[in-house]
Amino acid sequence: MQRSMGILGTRWKPIIIYTLRDRKARFGQLDALIENISRKVLTSSLKELEEDGIILREVFKELPPRVEYTLTEKGKALIPIMCQLAKWNEEYYAEEIAL
């Protein structure tokens, strides 16, 4: 459990994984989709997730340079957990969201 929480233990990493669950995305797209995350934190979180083998960073050699992020098989294995967390959040905190 300690290793798992070390990989997912920040506020933003589960949100990044959840955002990438059904798409490839470029940095700017992730920045636009994830509210209230700073570019610095997004950059460091993506780097850490790549180092942990959760996401794949694909660089395209074109001008201007293009980079896309997608989940690896290890990352895709986390999708049911992230979806369950989202469902739990909606079930128990929907009242707060409605306010």
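Below or above, wherever it landed, is the structure these notes cover.

Procedures and definitions
Residue positions within a chain follow its written sequence, with the count starting from 1. Where local features are concerned, this predicted model is filtered to residues with pLDDT of at least 70; where side-chain atom pairs are given and counted, the filter is 80 or more; whole-chain, interface and lining totals use all residues. Think of the side-chain values as coming from all heavy atoms in the structure, minus any hydrogens and water. Whether two strands pair comes down to DSSP finding at least two bridges between them. The secondary structure listing takes helices from DSSP runs of H or I that are at least 4 residues long and strands from runs of E that are at least 2 residues long, numbered from the N terminus. Each helix should span, by expectation, one fewer than its residue count multiplied by 1.5 Å. Only protein chains enter the accessibility calculation, which uses a 1.4 Å probe; a residue is then buried when its area is under 20% of its type maximum, exposed when over 50%, and partly exposed in between. Directions are taken from the helix axis to each C-beta atom, and the arc is the one they span. Contacts between residues were defined by any pair of non-hydrogen atoms, one from each residue, lying within 4.5 Å.

**Overview of the sheet that holds strand S2 (residues 55-60)**
Working step 1: Spatially, S1-S3-S2 is the arrangement adopted by the three strands of the open sheet, whose pairing is antiparallel. Here the strands that pair on one side only, and so sit at the sheet edges, are strand S1 (25-26) and S2.

**Observations concerning helix H4 (residues 39-51)**
Working step 1: Taking 1.5 Å per residue as the helical rise, H4 with its 13 residues ought to reach 18 Å, and the 18 Å between its terminal C-alpha atoms agrees with that figure.
Working step 2: Here H4 has its buried residues at Leu42, Ser45, Leu46 and Leu49. Buried residues in H4, looked at end-on, bunch into an arc of 100 degrees, giving them a common side. Looking at H4, the residues exposed on the side facing more than 90 degrees away from the buried face are Lys40, Lys47 and Glu51.
Working step 3: The secondary structure elements touched by the buried residues of H4 are helix H1 (2-8), helix H2 (13-19), helix H3 (27-33), S2 and strand S3 (66-71).
Working step 4: Directly after H4, the chain includes glycine 53, whose backbone phi takes a positive value near 75 degrees.

Distances and angles like these do not, on their own, reveal function.
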